[in-house]
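Observations on the three-dimensional arrangement
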Amino acid sequence: MGTLYEALMLILDVVWFVMIAHIIMSWLINFQVLNLRQPLIWQIWNGLNRLLEPIYAPVRRILPNTGGLDLAPLVVFIAIIILQRALANNAGWFYGF
């Protein structure tokens, strides 16, 4: 069961870092530091969108429309933090204590 705990924590960490990369890249694109006409930038951006859209879409359906401000990443960040804390607080169950 310890392996399950470590795998869940690793998955949450990977999602966390992918979201950070997506957010930073969106800022760089919006401030015109990166250009989506470059093939490598477009491929990375498209890949990150395809990875994160299944996570963001259900959250966007629940949240009210805020215009140009997307709060889905913030809600998902909070959910990841809550899941990590819940797993860490119940780690004894995974290890049989």
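- The name given to the chain in an unreviewed UniProt entry is YggT family protein, with the source organism recorded as Paracoccus simplex.

Brief notes about the side chain of glutamine 84
- With respect to the helices and strands, the residue glutamine 84 is situated in helix α3 (residues 72-89).
- Polar contacts involving the side chain of glutamine 84 include one to the side chain of aspartate 13, which spans 2.8 Å.
- When residues no more than four places from it in sequence are discounted, the contact partners of glutamine 84 are Met9, Leu12 and Asp13.

Some words on the packing of helix α1 (residues 2-30) against helix α2 (residues 39-62)
- Two elements in contact, α1 and α2, have axes separated by 10 Å at closest approach and are oriented at 125 degrees. Comparing their axes, α2 and α1 come out oblique. The element α1 and its partner α2 pack so that their crossing is left-handed. Across the interface between the two elements, Val15, Val18, Met19, Ala21, His22, Met25, Ser26 and Ile29 of α1 pack against Ile41, Ile44, Trp45, Leu48, Asn49, Leu51, Leu52, Ile55 and Tyr56 of α2.
- Its residues placed into classes, the contact of α1 with α2 shows 14 nonpolar, 3 polar and no charged.

What about the packing of α1 against α3?
- At their nearest, the axes of α1 and α3 sit 10 Å apart, and the two run at 160 degrees to each other. One element, α1, and the other, α3, form an angle in the roughly antiparallel class. In terms of crossing hand, the pair formed by α1 and α3 is left-handed. Here Tyr5, Leu8, Met9, Leu12, Asp13, Val15, Trp16, Met19, Ile20 and Ile23 of α1 lie close against α3, whose contacting residues are Pro73, Val76, Phe77, Ile80, Ile81, Leu83, Gln84, Leu87 and Ala88.
- Residues of the contact of α1 with α3, tallied by class, amount to 17 nonpolar, 1 polar and 1 charged.

Comments concerning the packing of aromatic side chains
- Taken as a whole and assessed by the stated rule, the structure comprises 2 aromatic pairs.
- Pairing tyrosine 5 with tyrosine 95 gives two aromatic rings, centres 5.9 Å apart and planes at 65 degrees, and the pair type is edge-to-face. Placement of tyrosine 5 in helix α1 and of tyrosine 95 in helix α4 (residues 91-95) is noted, with a sequence separation of 90 residues between them.
- Note on tyrosine 95: relative accessible area 41%, which makes it partly exposed.
- The interplanar angle of 65 degrees and the centroid separation of 4.5 Å between the aromatic rings of tryptophan 16 and phenylalanine 77 together place this pair among those described as edge-to-face. Placement of tryptophan 16 in helix α1 and of phenylalanine 77 in helix α3 is noted, with a sequence separation of 61 residues between them.
- You can call phenylalanine 77 buried: its relative accessible area is 12%.

Calculation rules
- Residues numbered from 1 in each chain as written.
- Predicted model: local features only at pLDDT ≥ 70, side-chain atom pairs only at ≥ 80, totals over all residues.
- Heavy atoms only, no water.
- Helix = DSSP H or I, 4+ residues; strand = E, 2+ residues; numbered from the N terminus.
- Polar contact = N/O pair within 3.5 Å; in protein donor to acceptor, adjacent residues only side chain to side chain.
- Contact = heavy atoms within 4.5 Å.
- Axes fitted to C-alpha atoms, helices over the stretch in contact; angles between N-to-C directions.
- Parallel < 35°, antiparallel > 145°, perpendicular 65-115°, else oblique.
- Left-handed = near helix turned anticlockwise from the far one by under 90°.
- Nonpolar A, V, L, I, M, F, W, Y, C, P; charged D, E, K, R; others polar.
- Phe/Tyr/Trp six-rings, centres within 6.5 Å; stacked < 30°, edge-to-face > 60°.
- Buried < 20%, exposed > 50% of the residue type's maximum accessible area, 1.4 Å probe, protein only.

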